[in-house]
Amino acid sequence: MKRAVFLLALGALFAVPALLLPIGCGESRLAGKASKMNVLLVVVDTERADHVSCYGYPRRTTPNADALASHGVLFRNADVQASFSQGSYASLFTGLHPQSHGVRDHISTLAPECTTIAETLANAGYRTAGFHNHPLLLTQYGYGQGMTTYEDTRTATDTVTRALDWIGAQGDAPWFLFVQFMEPHAPYEPPPPFDEKFATRPPGFLEGTNWKPGQGYPQEWMFDFESQHLRPEDVEYLKAAYDGEIAYVDDQIGRLVAGLDKTGRCDGTLVIYTADHGEAFGEHKVWFNHDATVYEEILHVPLILSNPKLFPERKDVAEVAREIDVYPTVMDLLALPPGRVEGETLLPLIDGQQPRRLAFAESRPLEPSRAGLKNYRTSVPGIAGKWRSERHGDMKLIRIPGPSNNAEELYDLGADPGEQHDRSLDRGEEKSEMSRTLSRFVSRAPFIPDRRTTVTPATAATLRAIGYLGDSQPPPPPLLEKPIPK
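Conventions used here
Residues numbered from 1 in each chain as written. Predicted model: local features only at pLDDT ≥ 70, side-chain atom pairs only at ≥ 80, totals over all residues. Heavy atoms only, no water. Buried < 20%, exposed > 50% of the residue type's maximum accessible area, 1.4 Å probe, protein only. Helix = DSSP H or I, 4+ residues; strand = E, 2+ residues; numbered from the N terminus. Pairing = 2+ DSSP bridges. Core = buried A, V, L, I, M, F, W, Y, C linked by side-chain atoms within 4.5 Å. Contact = heavy atoms within 4.5 Å. pLDDT = per-residue confidence, 0-100. Salt bridge = Lys/Arg side-chain N within 4 Å of Asp/Glu carboxyl O. Phe/Tyr/Trp six-rings, centres within 6.5 Å; stacked < 30°, edge-to-face > 60°.

Another aspect to go through is the pairing of strand 6 (residues 269-275). When you tally the buried positions in strand 6, you get 7 out of 7 residues, the bulk of the element. What you see with strand 6 is no split at all: Thr269, Val271, Tyr273 and Ala275 on one side and Leu270, Ile272 and Thr274 on the other are buried throughout. Of the strand pairs in this sheet, strand 1 (residues 38-44) and strand 6 are connected by 7 bridges, and their pairing is parallel. Residue pairing for strand 6: Val39 is matched across the bridge by Leu270. Alignment of strand 6 against strand 8 (residues 303-306), held across 4 bridges, turns out to be antiparallel. Across the sheet, the residue bridging to Thr274 is Leu303, located in strand 8.

Okay, structure coming up:
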């Protein structure tokens, strides 16, 4: 009976063409409660949820994020819609799936036809700004749409300094501020004292390997890790250094919030804390990488809405939330129309309702320089070769296209959050229905052609040094929207 109800519900979700419909406001007790509040969107790059203290991580990596959660709403099961930075930030900014906003790979440009959260708020009279230190979020890639001030910075410390200076110059006008921190991204090299906050660097660290300080980790480490014979003490320190990066960024977030408090604006500011994706540490034989798969170590990110007036006490929400839901949720709280989005307001979930929603995600397409590496399981070029996933409650389907047929895996995240036990054989009916639903989603989603961008050799070298582009020369081959192999 339970399985039949699940399948009926899944089918009903696609009975109505819901994509790109404006989301209505006013149905929640919280709708409009943040009217004229400032909005501070904080995004930590490459931060997986299970390395954040308030998500149960045993190391105290994020005391300041924990403080935000203490007077906020913490979404236990928030997933992103793309496993790579540009696609994920585009979905966060627009409330659209990658199929709709057209950012399907690095290096792409967010189309001006897409309306961002900053543009909507600027049109409503908000002052808008963004400060980031991500080399793929530059103005020429379209991510500053709607922001009067949009600047790239060098470090998290520099980012916060410039953000606080900007806040201090705004007077009484409402504002929207995007603050992004790149530091948890590989290579994991936190500044002192965070470099040894959780472990001491072992003597001879990574000596004799093909890695050089300041560069991304070699692709052979990512996809053929066992053959590299890294010392266990080096691996443990790498994990500790990743946590040290998170702790460093969290320290700067504490400085940002403290500076905001000094201006007397904390009560009047809605803070959103999240990440663009996570990072793999061998859970599925992939290390120090995030763009190649769609397992939960990659898709599951922290998501916290915080404001002491709106949320005087912490509230945890277990229902599935998506990054495309952030934009319409903010608009619902501010009593502003979100425009045409694919996300839905999260306020009903906060109120204790349980509206059914599906979460879809995709990976990057084939990276030619990785072809043939042992655990790199992408073999079909272009968009057709992307890994895809669909989540409905605890059930999650992963599709891995191959040259002749798809491989599909089914997981029960409630019983198996680490996705170690494929349930395809004993829950075949659910798998088949979810597979059909995923195929319908892929075929019906609106598509803006991918806007590939040519970069200078110097920019390409910078990106390649931190793990982007692999060994291929930019721009990568054009992406073509082709049918997914059956």
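What follows continues from the structure just given.
Counting residues in hydrophobic clusters, the biggest one holds 56 residues, and the most contacted among them are Phe75, Tyr143, Phe178 and Leu334. Tallying contributions element by element places helix 10 (residues 326-334) first for this core, with 6 residues. Leaving out residues up to four positions away in the same chain, Phe178 has contacts with Leu41, Val43, Tyr89, Phe93, Ala129, Gly130, Phe131, His132, Leu137, Met147 and Tyr150. Counting 35 residues, the second-largest nonpolar core is a separate cluster that includes Tyr55, Phe181, Ala240 and Leu256.

A few words on the confidence of the model for the protein chain. Of all residues in the protein chain, 88% attain a pLDDT of 70 or more, and the chain-wide mean is 89. In this model residues 1-26 is a low-confidence stretch, pLDDT under 50, and it forms 55 contacts with partners more than four residues away in sequence or in other chains. Predicted confidence for residues 471-486 stays below pLDDT 50, and this span has 45 contacts to residues more than four positions away or in other chains.

Moving on, we come to the pattern of salt bridges. For the structure shown, the criterion picks out 32 salt bridges. Between Glu408 and Arg399 there is a salt bridge, and its shortest N-O distance comes to 2.9 Å. Summarising the burial analysis for this pair, Glu408 and Arg399 share the class buried. Taken together, the shared-partner salt bridges connect Asp79, Glu296, Arg391, Lys396 and Glu419 into one network.

Bringing the packing of aromatic side chains into the picture now. Inspection of the entire model under this criterion finds 25 aromatic pairs. Ring plane angle 15° and centroid distance 4.1 Å describe the contact between Phe225 and Trp287, whose orientation is recorded as stacked. With Phe225 in the loop between helix 7 (219-223) and helix 8 (232-262) and Trp287 in the loop between strand 6 and helix 9 (296-299), this residue pair connects regions lying 62 residues apart in the sequence. With respect to burial, Phe225 and Trp287 carry one shared label: buried. Taken together, a centroid distance of 6.0 Å and an interplanar angle of 75° make the contact between Phe225 and Phe288 edge-to-face. Residue Phe225 is found in the loop between helix 7 and helix 8, and its partner Phe288 is found in the loop between strand 6 and helix 9; the two are separated by 63 residues along the sequence. Phe225 gets classed as buried once you look at its relative accessible area, which sits at 12%. By relative accessible area, Phe288 is classed as buried at 3%.

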